[in-house]
Amino acid sequence: MTHSAIGTFEVKVRPQQGAPGQLARMLLDKIFVGDLAGNSQGQMLSFGDPGSGFAGYVAMEVVKGTLGGRHGSFALMHYGTMNKGKQQLRLSVVPGSGTEQLVGLSGQMDIAIEDGLHQYRFQYLFE
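Undergrad: Outline the pattern of salt bridges, listing residues and values.
TA: Applying the stated criterion to the full structure yields three salt bridges. For Arg14, the salt bridge is made with Asp29, and the minimal N-O distance between the two is 2.8 Å. Taken together, the positions of Arg14 in strand 1 (residues 3-16) and Asp29 in strand 2 (residues 23-34) put the pair 15 residues apart, joining distant regions of the chain. Taking relative accessible area as the criterion, Arg14 reaches 33% and is therefore assigned partly exposed. Between Arg90 and Asp110 there is a salt bridge, and its shortest N-O distance comes to 2.4 Å. Here the residue Arg90 occupies a position in strand 6 (residues 86-93), and Asp110 occupies one in strand 7 (residues 105-114), the gap between them amounting to 20 residues. Its relative accessible area of 36% is what places Arg90 among the partly exposed residues. Of the residues examined, Asp110 reaches a relative accessible area of 33% and is grouped as partly exposed.

See the structure below:
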């Protein structure tokens, strides 16, 4: 049975030194509020110039908290693009990454950013 979780999150992005050319590396810290409540830490690699309307990124993060009343952790894999200023952000649960009461978790998360507010919609299930 598929479940749905919605809410918001705050993200702190810390640029790191040492990436060549237009390739950038950042550390991520997030706080999730809503049906998913908790925090995460991750790393992101990006390329391009969002100011020009063209960019892409990949990232991995580990989320710790409560999802649908179940406690544990899981990893998310990110894939994002910006084309002519339009963003498409998609996240997937890394298979086998769920711990404690989140063992067997799978799913997809969509992120929307409107007026600086980060919102998530997470479709998930337990196998």
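Here the narrative resumes.
Undergrad: Provide a residue-level description of the side chain of Asp29, including the pertinent values.
TA: Here the side chain of Asp29 touches Arg14 through a polar contact of 2.8 Å, side chain to side chain. In terms of polar contacts, Asp29 uses its side chain to reach the side chain of Gln41, at 3.4 Å. Setting aside its immediate chain neighbours within four residues, Asp29 contacts Glu10, Val11, Lys12, Arg14, Ser40 and Gln41.

Undergrad: Summarise the confidence of the model for the protein; cite the residues concerned and give the values.
TA: Mean pLDDT over the protein stands at 94; residues scoring 70 or higher make up 98%. By mean pLDDT, strand 6 is the weakest element of the protein at 92, and strand 8 (residues 117-126) is the strongest at 97.

Undergrad: How would you explain the pairing of strand 1 if you had to name every residue and give the values?
TA: Note: strand 1 against strand 8, seven bridges, orientation antiparallel. Its bridge partner lying in strand 8, Ser4 is registered against Gln123. Judged from the 10 bridges that link them, strand 1 and strand 2 form a sheet pairing that is antiparallel. By the bridge assignment, Lys12 is partnered in strand 2 with Asp29.

Undergrad: Quick rundown of the environment of Met60? Include the residues and the values.
TA: If you trace the backbone, Met60 turns up in strand 4 (residues 54-67). For Met60, a relative accessible area of 43% corresponds to the partly exposed category. A C-alpha to C-alpha distance of 14 Å links Met60 and Gly96, two positions 36 residues apart in sequence. Those residues in contact with Met60 that sit more than four places away from it in its chain are Gln41, Gly42, Gln43, Leu76, Met77, His78 and Val94.

Undergrad: Mind laying out the sheet that holds strand 1, listing which residues take part and the relevant values?
TA: Sheet strands pair by backbone hydrogen bonding; their relative direction is either parallel or antiparallel. Read around the closed barrel, the eight strands follow the order 1-2-3-4-5-6-7-8; overall the barrel is antiparallel. Along the sheet, successive strands turn relative to each other by an average axial angle of 25 degrees, direction set aside. Pairing of strand 2 with strand 3 (residues 36-49), which is carried by 10 bridges, proceeds in the antiparallel orientation. Directly across from Leu28, in strand 3, lies its bridge partner Gly42.

Criteria and thresholds
Residues numbered from 1 in each chain as written. Predicted model: local features only at pLDDT ≥ 70, side-chain atom pairs only at ≥ 80, totals over all residues. Heavy atoms only, no water. Salt bridge = Lys/Arg side-chain N within 4 Å of Asp/Glu carboxyl O. Helix = DSSP H or I, 4+ residues; strand = E, 2+ residues; numbered from the N terminus. Buried < 20%, exposed > 50% of the residue type's maximum accessible area, 1.4 Å probe, protein only. Polar contact = N/O pair within 3.5 Å; in protein donor to acceptor, adjacent residues only side chain to side chain. Contact = heavy atoms within 4.5 Å. pLDDT = per-residue confidence, 0-100. Pairing = 2+ DSSP bridges. Axes fitted to C-alpha atoms, helices over the stretch in contact; angles between N-to-C directions.

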